Amino acid sequence: MRGKLPTLAQFPSLLKIDAAPPRCQSTTMRIRPACRDADAAAVWAILEPTVRAGETYTLPMDISSDDALAYWCAPQREVFVAEQDAQILGTYFLQPNQQGGGSHVANCGYVTAPWATGRGVARAMCVHSLEHARARGFSAMQFNFVVSTNERAIALWQSVGFRIVGRLPGAFRHPTAGFVDALVMYRSLL
């Protein structure tokens, strides 16, 4: 799939989702820009279990809700939520990976609510982010720090065309597995 964006037609379970940027709507799930104040409590409810577990993000496990939301909703980021039946199931952000000469490469972070895993939320958000990044003029997307023990995420990213292009040995201190590798993953949007 290198060079070609995945489409929702490739994932029949998501066919009811219209992932055209910047808004995705349907009767089953929609992905929309987050309303910073109105969605803050729901976004924190999704972020908190992931942050507290300390298994996938490099944030302090005891971070406050205000600091976590300030990180997630930083000014350089576009933040989206995936919702179904007025319940937010996941959130992601899109930003330039670097400034200046690296600003043509996008970067994202994704979190699915624990109660919504296995329902295609992460895949829908990833496909939406790839399409939205391309529409915004980005030529590639890079994940800088994918924890190697996060096997579900790695498999998902690879299924939509990401390649592992780097390995950072022992770069992440996992709360139960100890020091584990972090991966750099990349895919073209051209």
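Note that the structure is predicted; figures quoted are calculated from it, not measured.

(A) Up close: the overall build of the protein. Tallying secondary structure elements over the protein gives four helices and seven strands in all. In the protein, which comprises 190 residues, the proportion classed as buried is 47%. Once local pairs closer than 6 in sequence are excluded, the contacts in the protein between residues at least 24 apart make up 61%. By element, 52% of the accessible surface of the protein is carried by carbon and sulfur atoms, the whole surface being about 9,200 Å².

(B) Spotlight on the pattern of salt bridges. The full count for this structure, using the stated rule, is six salt bridges. The residue Arg32 makes a salt bridge to Glu83 at a minimum N-O spacing of 3.0 Å. Here Arg32 is found in strand β1 (residues 30–33), whereas its partner Glu83 is found in strand β2 (residues 78–84), with 51 residues between them in sequence. You'll find Arg32 and Glu83 in the same group, each marked buried. Between Glu78 and Arg136 there is a salt bridge, with its nearest N and O atoms 2.6 Å apart. Of this pair, Glu78 sits in strand β2 while Arg136 sits in the loop between α3 (121–135) and β5 (140–147), and the two are 58 residues apart along the sequence.

(C) Main features of the packing of aromatic side chains. Scanning the model with the defined rule gives 10 aromatic pairs in all. When the ring of Tyr57 is compared with that of Trp72, the centres are 5.9 Å apart and the planes differ by 70°; the resulting orientation is edge-to-face. Taken together, the residues Tyr57 in the loop between α1 (40–53) and α2 (65–72) and Trp72 in helix α2 connect sequence positions 15 residues apart. As far as burial versus exposure is concerned, Tyr57 and Trp72 are alike and both buried. Considering the side-chain rings of Phe145 and Phe172, the 6.2 Å spacing of their centres and the 65° angle between planes classify their relative orientation as edge-to-face. Taken together, the residues span a long stretch of sequence, with Phe145 in strand β5 and Phe172 in strand β6 (residues 163–174) at a distance of 27 residues. Overall, the relative accessible area of 31% leaves Phe145 in the partly exposed class.

(D) Region of interest: α2. Here α2 has its buried residues at Ala68, Leu69 and Trp72. Down the axis of α2, the sector holding all buried residues measures 95°, keeping them to one side. Among the structural elements, α1, β2, β3 (87–96) and β4 (105–112) are those in contact with the buried residues of α2.

(E) Inspection of the side chain of Arg187 at higher detail. Within the secondary structure, Arg187 sits in strand β7 (residues 178–188). In this structure the side chain of Arg187 is engaged in a polar contact, spanning 2.5 Å, whose partner is the backbone oxygen of Val160.

(F) Fine view of the environment of Val43. On the secondary structure map, Val43 appears in helix α1. Note on Val43: relative accessible area 2%, which makes it buried. In the structure, Val43 is positioned 70 residues away from Ala113 in sequence and 9.1 Å away in space, judged by C-alpha atoms. In this view, Val43 contacts Leu69, Trp72, Val81 and Thr91; residues no more than four positions away in its chain are not counted.

(G) Seen up close, the sheet that holds β3. In space, the seven strands of this open sheet follow the order β1-β2-β3-β4-β5-β7-β6, with mixed pairing throughout. Every other strand in the sheet has two partners, leaving β1 and β6 as the edge strands with one partner each. Along the sheet, successive strands turn relative to each other by an average axial angle of 25°, direction set aside. Here β3 runs beside β4; their pairing, made up of seven bridges, is antiparallel. Residue pairing for β4: Tyr92 is matched across the bridge by Tyr110.

Reading the values: rules and limits
- Residues numbered from 1 in each chain as written.
- Predicted model: local features only at pLDDT ≥ 70, side-chain atom pairs only at ≥ 80, totals over all residues.
- Heavy atoms only, no water.
- Helix = DSSP H or I, 4+ residues; strand = E, 2+ residues; numbered from the N terminus.
- Buried < 20%, exposed > 50% of the residue type's maximum accessible area, 1.4 Å probe, protein only.
- Contact = heavy atoms within 4.5 Å.
- Areas by Shrake-Rupley, 256 points an atom, 1.4 Å probe, with all protein chains shown as cover.
- Salt bridge = Lys/Arg side-chain N within 4 Å of Asp/Glu carboxyl O.
- Phe/Tyr/Trp six-rings, centres within 6.5 Å; stacked < 30°, edge-to-face > 60°.
- Arc of directions from axis to C-beta.
- Polar contact = N/O pair within 3.5 Å; in protein donor to acceptor, adjacent residues only side chain to side chain.
- Pairing = 2+ DSSP bridges.
- Axes fitted to C-alpha atoms, helices over the stretch in contact; angles between N-to-C directions.

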